[in-house]
Amino acid sequence: VPLGGYVKVAGMADVGVEEIKGEPWEFMSKPVWVRMCVMAAGPFMNFLLGFLILFGILIFAGEMIIRTTQIGRVAPKSVFDAAGLRPGDRLVTVNGKKVTNWEEVDTAIDRAWGKIIPVKILREERIQTLNVALTGEHKASDLLYFLPPEVGSILQGQPADNAGLQKGDRILTIDGQTVSQWWDVSERIHALPDKVIRVEWLRAGKPMSADIRTTVHKEGRKSEGRIGIGSPTPPTERMPVGIWTAAVRGAQETWHLAGLIFDLVGRLVSGRESGQSLAGPLTIAQMAGKSARQGLETLLSFMALLSVNLAVLNLLPIPMLDGGHLAVITIESVVCLMVRRPFTFTIRQKEILQQFGLVV
């Protein structure tokens with residue numbers, strides 16, 4: 001049955017009556033910390049595999065860097081907006097350090113967060129120095145690199161596809177407003193859910209236009225407009241990295257993937273995300289096939305995503321999963337401390353929990 005792997009642990013009641021003889025090698029004979037380590041070992045190895053794959057990609061292929069320091073978007077009311085940074089500015093130095101790509105910009109800002117730092121910019125062929133107070137909450141979307149207002153991808157069957165937009169088209173206006181970069185395009189469309197908008201674009205020097213009705217996408221409590229287009233690919237190049245940098249970047253990416261999956265689970269539970277966004281084994285196999293056709297690196301990255309995904313799902317506090325076992329052990333330990341005497345769920349109670357978890 002293709003539902004995943006299962007390990008039968010001696011002396012652990014899962015589904016059905018378990019014979020617990022009290023032997024020293026049985027699960028229930030072990031201290032709490034040992035039982036928790038056993039339950040956490042599977043998800044830990046999935047996290048470790050994902051990290052090692054990402055680490056290996058960085059070591060052997062290098063890091064993909066965004067080869068620009070030109071600012072594309074400055075979030076309103078952010079610390080960068082308050083300091084006077086504007087779209088189109090080109091960053092020259094951040095906190096006294098010369099920057100030549102966007103990764104260096106991000107790193108310099110992260111390291112200096114909490115301080116007031118000088119930032120040199122090139123604006124209208126003149127070098128200016130601004131002081132930026134890096135305080136408060138830090139969001140990556142507060143400061144983004146420049147991308148031209150071009151269509152990077154088209155989702156089949158979506159409004160943009162039906163209207164005739166194609167990859168490479170350069171968008172000129174959205175609902176009568178001129179756009180000069182991708183973030184303008186994105187913000188204009190997002191602000192108009194379920195509206196008919198006029199889109200004008202340029203294809204091979206020929207002006208074209210169409211009226212397109214946006215779809216509605218729920219993002220938290222907000223509704224966003226979408227037409228089914230993706231951003232253009234930023235200018236990138238490979239840069240070799242050392243072992244320490246690869247380890248740090250691999251850990252950061254693993255953490256980032258885990259956060260995205262936890263966020264998706266939260267949206268599913270709260271009803272902010274449709275269950276239609278989930279994929280079963282067949283779709284996953286198809287996605288793996290597409291990844292393989294795009295090259296070894298893409299396939300390995302997809303493997304890392306699946307591994308981290310499995311780790312996160314197994315940690316959910318649902319009976320049957322490792323997270324469910326960890327939750328039961330934690331509850332038993334807390335109750336023991338509260339009543340000051342040994343406490344465990346009965347075998348029958350655990351069977352009922354496991355059966356409930358299997359249904360979930």
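Relevant structure appears above.
Residues numbered from 1 in each chain as written. Predicted model: local features only at pLDDT ≥ 70, side-chain atom pairs only at ≥ 80, totals over all residues. Heavy atoms only, no water.

Draft legend 1. Region of the structure containing the packing of helix α1 (residues 32-61) against helix α9 (residues 322-339). Where α1 contacts α9, the axes come no closer than 9 Å and their chain directions differ by 160°. In this view, α1 runs roughly antiparallel relative to α9, as classed from their interaxial angle. Relative to α9, the crossing made by α1 is left-handed. Residues Val32, Arg35, Met36, Met39, Ala40 and Pro43 of α1 form the contact with α9, whose participating residues are Asp322, His325, Leu326, Ile329, Thr330, Glu332 and Ser333. Across the contact of α1 with α9, the residue classes tally to seven nonpolar, three polar and three charged. (Axes fitted to C-alpha atoms, helices over the stretch in contact; angles between N-to-C directions. Helix = DSSP H or I, 4+ residues; strand = E, 2+ residues; numbered from the N terminus. Parallel < 35°, antiparallel > 145°, perpendicular 65-115°, else oblique. Left-handed = near helix turned anticlockwise from the far one by under 90°. Contact = heavy atoms within 4.5 Å. Nonpolar A, V, L, I, M, F, W, Y, C, P; charged D, E, K, R; others polar.)

Draft legend 2. Quick peek at the side chain of Asn314. Following the sequence through the fold, Asn314 ends up in helix α8 (residues 296-314). Residue classification places Asn314 among the buried residues on the basis of a relative accessible area of 18%. Ignoring any residue separated from it by four or fewer positions in sequence, one finds Asn314 in contact with Pro43, Asn46, Leu321, Asp322 and Gly323. (Buried < 20%, exposed > 50% of the residue type's maximum accessible area, 1.4 Å probe, protein only.)

Draft legend 3. A look at the sheet that holds strand β12 (residues 206-213). Taken in spatial order, the four strands make up an open sheet running β10-β9-β11-β12, and their pairing is antiparallel. In this open sheet, the two edge strands, each paired with only one partner strand, are β10 (177-178) and β12. (Pairing = 2+ DSSP bridges.)

Draft legend 4. Summary view of the sheet that holds strand β3 (residues 90-94). Strand order in the open sheet made by the four strands is β4-β3-β5-β6, with antiparallel pairing throughout. Each edge of the sheet is formed by a strand with only one pairing partner; in this case those strands are β4 (97-98) and β6 (126-133). Pairing between β3 and strand β5 (residues 116-123): four bridges, direction antiparallel. From the neighbouring strand, Thr93 faces β5, where its bridge partner is Lys120.

Draft legend 5. Looking closely at empty space enclosed by the protein. Tallied over the entire structure, the rule returns two cavities of 30 Å³ or more. Computed from the structure, the largest cavity encloses a volume of approximately 130 Å³. In this structure, the largest cavity is lined by 12 residues; those nearest its centre are Met12, Phe27, His325, Val328 and Lys350. Within the residue set of the lining of the largest cavity, elements represented by two or more residues are α9 and α10 (347-359). Of all the elements, α9 adds the most residues to the lining of the largest cavity, at four residues. Here the residues of the lining of the largest cavity sort into seven nonpolar, two polar and three charged. In this structure, the second largest cavity occupies an estimated 60 Å³ of space. Phe80, Leu85, Leu91, Val94, Val105, Ile109, Ile117, Val119, Val132, Leu134 and Leu143 are the residues that line the second largest cavity. For the lining of the second largest cavity, the elements supplying multiple residues, two or more each, are β3, α3 (102-111) and β5. Tallied by class, the residues present in the lining of the second largest cavity amount to 11 nonpolar, no polar and no charged. (1 Å grid on protein atoms, 1.4 Å probe; cavity = no way out; pocket = protein on both sides within 12 Å on 5 of 7 lines; lining within 4 Å. Points joined across faces, edges and corners; volume = space filled by probe spheres on them.)

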